[in-house]
Amino acid sequence: ALLTGVITEAMFEKNVLRLQEDQLERETSRKYIGDMCSSFFRQITTNENGEASKEELLQLLPKVQEMFQSLNVQYVKSDLVHMLDVMDTDGSGAINKTEFCRGLLHVAEHGEDMQP
């Protein structure tokens, strides 16, 4: 019984450590994606409110795809295009940096859920 308890405790500790490592990896990826989104957004033309048109954002998709591939993010290109349609959460007709970054983080974190 003592040996079983020791083995169980070691397995539990190993599982906790793995969960902590996974969490740290997710946080690091989120920060990287957020930083890259901001960088991408600064490269396009925005209106006086700091918002960009869908057409402007479509130009960024190759860079976004490259970033996702480097992070092994599972996604479908049509998901990215579709996200541009729903990113305008405030209904302004254009997309600001916060909406853009939130949308890409959603695809990165839930890309597999979006696939058929």
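As shown above, the structure is provided for reference.
Residues numbered from 1 in each chain as written. Predicted model: local features only at pLDDT ≥ 70, side-chain atom pairs only at ≥ 80, totals over all residues. Heavy atoms only, no water.

Draft legend 1. Seen up close, the overall build of the chain. A count of helical and extended segments in the chain gives five helices and two strands. Each helix and strand of the chain, ordered N terminal to C terminal, gives the series α-β-α-α-α-β-α. Against the globule reference of 13 Å for 116 residues, the chain gives a C-alpha radius of gyration of 19 Å, more extended than a compact globule. Across the 116 residues in the chain, those meeting the buried criterion constitute 29%. Restricting the contact set of the chain to residue pairs at least 6 apart, pairs at least 24 apart contribute 60%. For the chain, the accessible area works out to roughly 7,800 Å², and carbon and sulfur atoms hold 53% of it. Side-chain charges in the chain split into 11 positive and 20 negative, and the spacing between the mean points of these groups amounts to 4 Å. (Helix = DSSP H or I, 4+ residues; strand = E, 2+ residues; numbered from the N terminus. Rg over C-alpha atoms; globule rule 2.2 N^0.38 Å. Buried < 20%, exposed > 50% of the residue type's maximum accessible area, 1.4 Å probe, protein only. Contact = heavy atoms within 4.5 Å. Areas by Shrake-Rupley, 256 points an atom, 1.4 Å probe, with all protein chains shown as cover. Lys, Arg positive; Asp, Glu negative; His and termini not counted. Charge placed at Lys NZ, Arg CZ, Asp CG, Glu CD.)

Draft legend 2. Seen up close, the side chain of Glu99. With respect to the helices, strands and loops of the structure, Glu99 is situated in helix H5 (residues 97-114). For the buried Glu99, which has no salt bridge, the nearest side chain bearing the opposite charge is Arg102, at an N-O separation of 6.6 Å. (Salt bridge = Lys/Arg side-chain N within 4 Å of Asp/Glu carboxyl O.)

Draft legend 3. Structural context of the packing of aromatic side chains. Taken as a whole and assessed by the stated rule, the structure comprises two aromatic pairs. Aromatic pair Phe41 and Phe100: ring centres 5.8 Å apart, planes at 45 degrees, arrangement tilted. Of the two residues, Phe41 is situated in helix H1 (residues 2-42) and Phe100 in helix H5; the sequence distance between them amounts to 59 residues. Given the relative accessible area of 5%, Phe41 is considered buried. (Phe/Tyr/Trp six-rings, centres within 6.5 Å; stacked < 30°, edge-to-face > 60°.)

Draft legend 4. Structural detail: the pattern of salt bridges. Going through the model one piece at a time under the given rule, you end up with three salt bridges. In this structure, Arg30 engages Glu109 in a salt bridge whose closest nitrogen and oxygen atoms are separated by 2.3 Å. Of this pair, Arg30 sits in helix H1 while Glu109 sits in helix H5; the two residues are 79 residues apart in sequence, bridging distant segments of the chain. A salt bridge links Asp85 to Lys54; the nearest nitrogen and oxygen atoms lie 2.5 Å apart. On the criterion of sequence distance, the pair formed by Asp85 in helix H4 (residues 77-86) and Lys54 in helix H2 (residues 54-58) is long-range, its members being 31 residues apart. You can call Asp85 partly exposed: its relative accessible area is 46%. Note on Lys54: relative accessible area 27%, which makes it partly exposed.

Draft legend 5. Spatial organisation of the environment of Phe41. When the C-alpha atoms of Phe41 and Glu56 are compared, they prove to be 9.4 Å apart, with 15 residues separating the residues in sequence. Setting aside residues no more than four positions away along its own chain, Phe41 makes contact with Thr46, Gly50, Ala52, Leu57, Leu60, Ile95, Asn96, Lys97 and Phe100.

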